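Here is what each chain is made of, one letter per residue.
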Amino acid sequence: MISVLLPRGNHYLYLAVSLICLSTLLTWVIWLAIAPASRQWLRDRLRLGLALMVGMAVIGGIYPYHLATSWLAAQRALGRALAHREILQSGQTLAGVAMPAGTLLHVRKVGQPDTFAWVRFPQPAEVDGLRVHSIRRHISPARAGEPARQTWSVALAGDQRIHGWICSHRHPVDLAIDKEGKPRFADCHLADGNTLDGQPLPIGTWLARPQDDPQGWLLSTDGSEAATVAHFPLLKADVVTDSQLRIISFKGLLARETKLGDVTYPVGTRAATALNVPGAQPGDLLFSPPRGRAAQYKNQSDVQAGTSVLQTPDGVVRLLIDNRQAGVVDAATLRVGP
């Protein structure tokens with residue numbers, strides 16, 4: 001579908017008023033040229049006639065004036081844009097990147113190519129070991145006591161392997177700029193062919209470096225395809241791993257009915273590692289049935305929504321705990337106001 005930008009309502013008002021006045025004025029001028037009676041009427045009422053003609057000319061000129069000022073503004077904007085656009089006549093190294101001749105840059109300060117906002121290469125160039133078509137530079141304003149932060153978004157020249165992961169060229173890859181001014185991988189969307197614990201990851205999974213652990217990884221899925229994490233089929237899964245791709249923690253929603261030990265959980269149950277849960281041991285899991293559904297507990301009462309089940313990985317139920325005590329927020333129960 002091709003999007004069409006329609007003019008604002010004032011555009012049609014100016015057009016209608018101008019057409020009415022100019023067409024009326026043109027018709028009057030023609031009658032003055034061919035009808036003696038019309039000229040006689042104008043001579044007898046010269047002041048009134050001239051006032052009417054001048055008024056119609058002024059009002060009729062509103063739309064042409066509007067078009068002219070818009071055109072002039074567009075030309076000035078184009079001139080400013082062209083002034084900030086440069087093409088390298090010879091290869092240069094800017095911000096640590098070797099840029100070949102013919103590189104197109106949009107600079108923030110005229111005549112200073114190192115202040116580029118975005119770059120487009122005539123052929124793929126190398127940035128932090130990646131072959132990229134373009135760079136877009138983002139600079140956040142400095143805050144009190146903190147310097148301005150800078151990140152780059154690069155367009156890959158095809159799917160590429162980064163730190164063992166295959167990143168998709170269909171989405172920009174973000175690079176963080178370290179204290180030494182060098183770009184370092186920050187995040188990307190995964191292409192086909194990536195696995196975790198031997199299980200395939202959905203295409204489009206978001207991969208990032210956690211801020212508190214630059215050696216680990218954060219993976220996030222947000223699609224209709226389930227990812228198998230710790231043997232559970234999960235939708236909207238968030239997974240944290242260490243540098244060896246061992247799963248440290250995860251959370252998500254069960255994509256299908258799942259049984260663990262004596263408890264059978266319905267679709268949509270929140271499954272997660274039990275972090276900071278009272279009574280939990282390392283490796284324990286926490287399951288929270290969704291609103292309006294219950295988990296079936298063999299030889300026990302069903303576990304209703306609002307209650308979570310703390311289990312060991314092999315299915316032993318440690319305890320049932322209220323969602324609030326477990327730190328699970330049921331978004332559907334939140335209210336704003338008294």
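The notes below deal with the structure included here. All values reported here derive from a predicted model rather than from experimental measurement. (Residues numbered from 1 in each chain as written. Predicted model: local features only at pLDDT ≥ 70, side-chain atom pairs only at ≥ 80, totals over all residues. Heavy atoms only, no water.)

Considerations on the pattern of salt bridges
The cut-off we apply is this: Each salt bridge in this description consists of a side-chain nitrogen of Lys or Arg and a carboxyl oxygen of Asp or Glu lying within 4 Å of one another.
Enumeration over the complete set of coordinates arrives at 5 salt bridges. For the salt bridge of Asp 178 with Arg 184, the shortest nitrogen-to-oxygen distance reads 3.9 Å. One network of salt bridges, in which partners are shared, links Asp 128, Asp 178 and Arg 184.

Details of the packing of helix H3 (residues 46-60) against helix H4 (residues 62-83)
Operational definition: For helices, the fitted axis covers only the stretch in contact; all axes are lines through C-alpha atoms, and the angles between them, taken along N-to-C directions, range from 0 to 180 degrees. Note on conventions: DSSP H or I runs of at least 4 residues are helices, E runs of at least 2 residues are strands, and numbering of each starts at the N terminus. Residue contacts are counted whenever heavy atoms from the two residues lie within 4.5 Å of one another. Nonpolar residues are Ala, Val, Leu, Ile, Met, Phe, Trp, Tyr, Cys and Pro. Charged residues are Asp, Glu, Lys and Arg, and all others, Gly as well, are polar.
Their axes nearest at 5 Å, the elements H3 and H4 cross at an angle of 35°. For the pair H3 and H4, the contacting residues are Val 58, Ile 59 and Gly 60 in the first and Ile 62, Tyr 63 and Pro 64 in the second. Per-class residue counts for the contact of H3 with H4 are 5 nonpolar, 1 polar and no charged.

Quick look at H3
Heads up, the condition is: Each residue after the first adds 1.5 Å to the expected span of a helix. With a 1.4 Å probe rolled over the protein chains alone, any residue whose accessible area is under 20% of its type maximum counts as buried; one over 50% counts as exposed, and the rest are partly exposed. This arc corresponds to the set of directions leading from the helix axis out to the C-beta atoms.
Compared with an ideal rise of 1.5 Å per residue, which puts 15 residues at 21 Å, H3 spans 21 Å between its outermost C-alpha atoms and is within 8% of the ideal. Taken together, the buried positions of H3 are Gly 49, Met 53, Met 56 and Gly 60. Around the axis of H3, the buried residues are gathered within 65° of arc, so they sit on the same side. Turned more than 90 degrees from where H3 packs its buried face, Arg 47, Val 54 and Val 58 sit exposed.

Quick look at the packing of aromatic side chains
Applicable threshold: Centre distance within 6.5 Å is the pairing criterion for rings of Phe, Tyr and Trp, where only the six-membered ring of Trp is used; planes under 30 degrees apart are then read as stacked, over 60 as edge-to-face, and the remainder as tilted. Either the NZ atom of lysine or the CZ atom of arginine qualifies as a charge over a ring when it sits within 6 Å of the ring centre and within 35 degrees of the ring normal.
Applying the stated criterion across every chain yields a total of 6 aromatic pairs. Among the aromatic side chains, those forming a connected cluster through ring pairs are Phe 232, Phe 250, Tyr 265 and Phe 287. The ring of Phe 116 carries Arg 137 above its face, with NZ or CZ at 4.1 Å from the centroid. A cation over an aromatic ring shows up here: Arg 209 above the ring of Trp 217, its NZ or CZ 3.7 Å from the ring centre.

Here we look at the environment of Phe 121
Along the polypeptide, Phe 121 turns up in strand E5 (residues 116-127). Overall, Phe 121 belongs to the buried group, its relative accessible area being 6%. Sequence-wise, Phe 121 and Arg 108 are 13 residues apart; in three dimensions their C-alpha atoms are separated by 18 Å. With residues up to four places along the chain from it excluded, the contact list for Phe 121 reads Val 97, Met 99, Pro 100, Thr 103, Val 132, His 133, Ser 134 and Ile 135.

A look at the state of the cysteines
The criterion, for reference: Cysteine sulfur atoms that come within 2.5 Å of each other are treated as a disulfide pair.
Under the defined criterion, the tally for this structure stands at 1 disulfide. Paired by a disulfide, Cys 167 and Cys 188 hold their sulfur atoms 2.1 Å apart. Because the sign of the S-S torsion sets the handedness, a value of about -65° for the bond joining Cys 167 and Cys 188 places this disulfide among the left-handed ones. Within this pair, whereas Cys 167 is found in strand E9 (residues 165-167), its partner Cys 188 is found in strand E11 (residues 183-189), the two being separated by 21 residues in sequence.

Regarding the pairing of strand E4 (residues 104-107)
Stated formally: We treat two strands as partners when DSSP finds at least two bridges between them.
Here strand E1 (residues 85-87) runs beside E4; their pairing, made up of 3 bridges, is antiparallel. By the bridge assignment for E4, Arg 85 is matched with His 106. In the sheet, E4 pairs with E5 via 4 bridges, with the strands oriented antiparallel. By the bridge assignment, Val 107 is partnered in E5 with Phe 116.

Scope: geometric values only; no functional claims are made or implied.
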